[in-house]
Amino acid sequence: MKHLFRVASLSLVFLSFSMMSCKETEPSISQSQIDKLGISDVTHLSAASKRALDWPKDLGNEWFLDFQGLKPLKGDLAYEEGVVRRDPSAVLKVKDTYYVWYSRSTGPTQGFGGDIENEKVFPWDRCDIWYATSQDGWTWKEQGVAVKRGEKGSYDDRSVFTTEIMEYDGVYYLCYQTVKSPYVVRVKNQVGLAWSDSPNGPWTKSAEPILSPADNGIWKGEEQNRFSVEKKGDFDSHKVHDPCILPYKGKFYLYYKGEQMGEEITWGGRQIRHGVAIADNPKGPYVKSPFNPISNSGHEICVWPYNGGIASLITTDGPEKNTIQWSADGVNFNIMASIKGAPHAIGLNRELTSEQDPVQIMDWGLSHIYNSGDYQSIMRFESRKIREHKAIGEKGNLK
Ligand code: AAL
């Protein structure tokens, strides 16, 4: 409605401007906008033209890219039957060595409904967080476990997984998802944190989770059915997932994916949204932003700093999937580019962060693939920028 009002008022302003052809006191649709958008008659704006008039005025091609096919890694991170390696963290370069952390488990997945004491309900169930190093980003040496599941009875006794790394002030922080046994359909997921003076550990774990689901949903009945609710609650009333902490404006922004009790299928995808929680110190306490949710689409978190703000790749679910968005304040995101589809569970190569190029960080990084329903392996992605279009033999660049 607000949008319609704005476009309607813009049209009126334009009309009165052209009729009066006197001094311009209010914003109008300029002749160059009309020309650029190829609008035939400004008194007959189609819905598409109205949306186009709302696009950021200074938007160029700098945000647009194309992902190439995933390529397998070599060494210990090559696919291995019987082993799950998935959800890679960002890649950090420490001195001359690349580091990555990831979820690791062994054995097949049985799913829900079997022996909940002994079986694995998902590939990311019964995981610990492991790490590997590489000199060239292709051949990796698995170094061993970084963060283990907790003692029986603790909040992370069932699985620790889907981790992200942040280095700040010489200290390394791993944030990750946690599940407490028993792993039933309605189990809540939380976020834990571990820190170390070295990327090689040893790691100290937080005694309590640093983030939990909103506590305002109400399940309906006793059956383990996550779609059946009396009240849904906030967008993150069931699970907080895919945590990623960025130092930003003197604070620490913990971006995460929320899953809601009574989740629906909307626009052909899962009802998944992102939130942010902000702290003064890396260890918290993290306070959820009152602006949550900060996306209406997406899946795994993929965020990076750019031009004083934060950029976010939105994949997989929701009407705005396959877009790159940017916010000047880390909270209010707008679409900058649509893309053809992005790798899942991206681990960004933080070495490539650039203030000149918004998507240079996508030149290469890590992702994962499903080799089978049981086993996943970490892969490498690469991308190419889309800055021109030229047919073979054609002179000049279309920019
Ligand atoms: C991923 C992530 C989280 C989920 C599972 C493993 O896509 O969103 O990590 O828990 O799937």
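For clarity, every value in this text was computed on a predicted model and none was experimentally measured. (Residues numbered from 1 in each chain as written. Predicted model: local features only at pLDDT ≥ 70, side-chain atom pairs only at ≥ 80, totals over all residues. Heavy atoms only, no water.)

Of regular secondary structure, the chain possesses 3 helices and 26 strands. Counting only C-alpha atoms, the chain reaches 75 × 55 × 40 Å along its principal axes. For the chain, the residues scored as buried account for 51% of the 399 residues in total. A separation of at least 24 residues holds for 53% of the contacts in the chain among residues at least 6 apart in sequence. In the chain, which carries 47 positive and 51 negative side-chain charges, the distance between the mean positions of the two groups comes to 2 Å. (Helix = DSSP H or I, 4+ residues; strand = E, 2+ residues; numbered from the N terminus. Buried < 20%, exposed > 50% of the residue type's maximum accessible area, 1.4 Å probe, protein only. Contact = heavy atoms within 4.5 Å. Lys, Arg positive; Asp, Glu negative; His and termini not counted. Charge placed at Lys NZ, Arg CZ, Asp CG, Glu CD.)

Here we take up the site of the ligand. Close to the ligand lie Arg86, Asp87, Trp124, Phe161, Thr162, Gln177, His241, Asp242, Lys257, His299 and Glu300, which account for all nearby residues. For the ligand, an oxygen atom lies 2.6 Å from a polar atom in the side chain of Thr162. Protein contacts shield 93% of the accessible area of the ligand, which totals 280 Å² for the unbound molecule. Those elements giving two or more residues to the shell around the ligand turn out to be strand E9 (159-168) and strand E15 (239-248). A breakdown of the residues in the shell around the ligand according to their chemical character gives 2 nonpolar, 4 polar and 5 charged. (Near = heavy atom within 4 Å. Polar contact = N/O pair within 3.5 Å; in protein donor to acceptor, adjacent residues only side chain to side chain. Areas by Shrake-Rupley, 256 points an atom, 1.4 Å probe, with all protein chains shown as cover. Nonpolar A, V, L, I, M, F, W, Y, C, P; charged D, E, K, R; others polar.)

Turning our attention to the packing of aromatic side chains. The geometry of an aromatic ring pair is captured by two quantities: the separation of the ring centres and the angle between the planes. All chains considered together, the criterion is met by 16 aromatic pairs. With a centroid separation of 5.3 Å and 85° between ring planes, the pair formed by Trp63 and Tyr306 is classed as edge-to-face. Here Trp63 is found in the loop between helix H3 (47-53) and strand E1 (65-67), whereas its partner Tyr306 is found in strand E21 (residues 303-306), with 243 residues between them in sequence. Assigned by exposure class, Trp63 and Tyr306 land together as buried. (Phe/Tyr/Trp six-rings, centres within 6.5 Å; stacked < 30°, edge-to-face > 60°.)

Taken in spatial order, the 4 strands make up an open sheet running E15-E16-E19-E20, and their pairing is antiparallel. Edge positions in the open sheet fall to E15 and strand E20 (287-288), since each of these has one partner strand only. (Pairing = 2+ DSSP bridges.)

Our focus in this paragraph is the environment of Asn200. With respect to the helices and strands, the residue Asn200 is situated in the loop between strand E11 (190-196) and strand E12 (204-205). When near neighbours in sequence (up to four residues on either side) are disregarded, Asn200 contacts Tyr99 and Tyr131. Here Tyr99 takes part through its side chain, which lies 3.2 Å from a polar atom of the side chain of Asn200. Side-chain polar atoms of Asn200 contact the side chain of Tyr131, separated by 3.3 Å.

Inspection of the secondary structure puts Ser105 in strand E6 (residues 97-106). Of the polar contacts made by the side chain of Ser105, one reaches the side chain of Lys120; its length is 2.8 Å. When near neighbours in sequence (up to four residues on either side) are disregarded, Ser105 contacts Gly82, Val83, Val84, Lys120, Pro123, Asp125, Arg126 and Cys127.

Next up on the list: the pattern of salt bridges. Proximity of charged atoms lets side chains of opposite charge pair with each other. Under the counting rule described, the total for this entry stands at 23 salt bridges. The salt bridge partner of Asp357 is Lys385, with a shortest N-O separation of 3.0 Å. Of this pair, Asp357 sits in the loop between strand E24 (334-338) and strand E25 (364-370) while Lys385 sits in strand E26 (residues 376-385), placing them 28 residues apart in sequence. (Salt bridge = Lys/Arg side-chain N within 4 Å of Asp/Glu carboxyl O.)

The next subject is the state of the cysteines. Scanning the entire structure with this criterion turns up 0 disulfides. Residue Cys175 stays outside any disulfide, its sulfur separated by 6.3 Å from that of Cys244, the closest cysteine. Taking relative accessible area as the criterion, Cys244 reaches 2% and is therefore assigned buried. (Disulfide = S-S within 2.5 Å.)

In this structure, the largest pocket encloses a volume near 730 Å³. Taken together, 26 residues line the largest pocket, and the ones lying closest to its centre are Arg51, Asp54, Trp55, Pro56 and Ile335. For the lining of the largest pocket, the secondary-structure elements that each account for two or more residues are helix H2 (31-37), H3 and E24. Tallying contributions element by element places E24 first for the lining of the largest pocket, with 5 residues. Here the residues of the lining of the largest pocket are counted per class, giving 12 nonpolar, 9 polar and 5 charged. Residue-level mapping places the lining of the largest pocket at the junction of two domains, with at least three residues from each of domain 1 (1-58) and domain 2 (65-385). What the second largest pocket holds in volume is close to 470 Å³. As for the second largest pocket, its lining consists of 24 residues, and the residues nearest its centre are Trp124, Lys257, Glu259, Arg270 and His299. The set of elements that each furnish at least two residues to the lining of the second largest pocket consists of E9, E15, strand E16 (251-259) and E25. By residue number, the principal contributor to the lining of the second largest pocket is E15, which donates 3 residues. In the lining of the second largest pocket, the residues fall into 7 nonpolar, 8 polar and 9 charged. (1 Å grid on protein atoms, 1.4 Å probe; cavity = no way out; pocket = protein on both sides within 12 Å on 5 of 7 lines; lining within 4 Å. Points joined across faces, edges and corners; volume = space filled by probe spheres on them. Domains from an automatic or database assignment.)

Okay, the domain arrangement of the chain next. Partitioning the chain into structural domains gives domain 1 (1-58) and domain 2 (65-385). A separation of 42 Å is found between the C-alpha centroids of domain 1 and domain 2.

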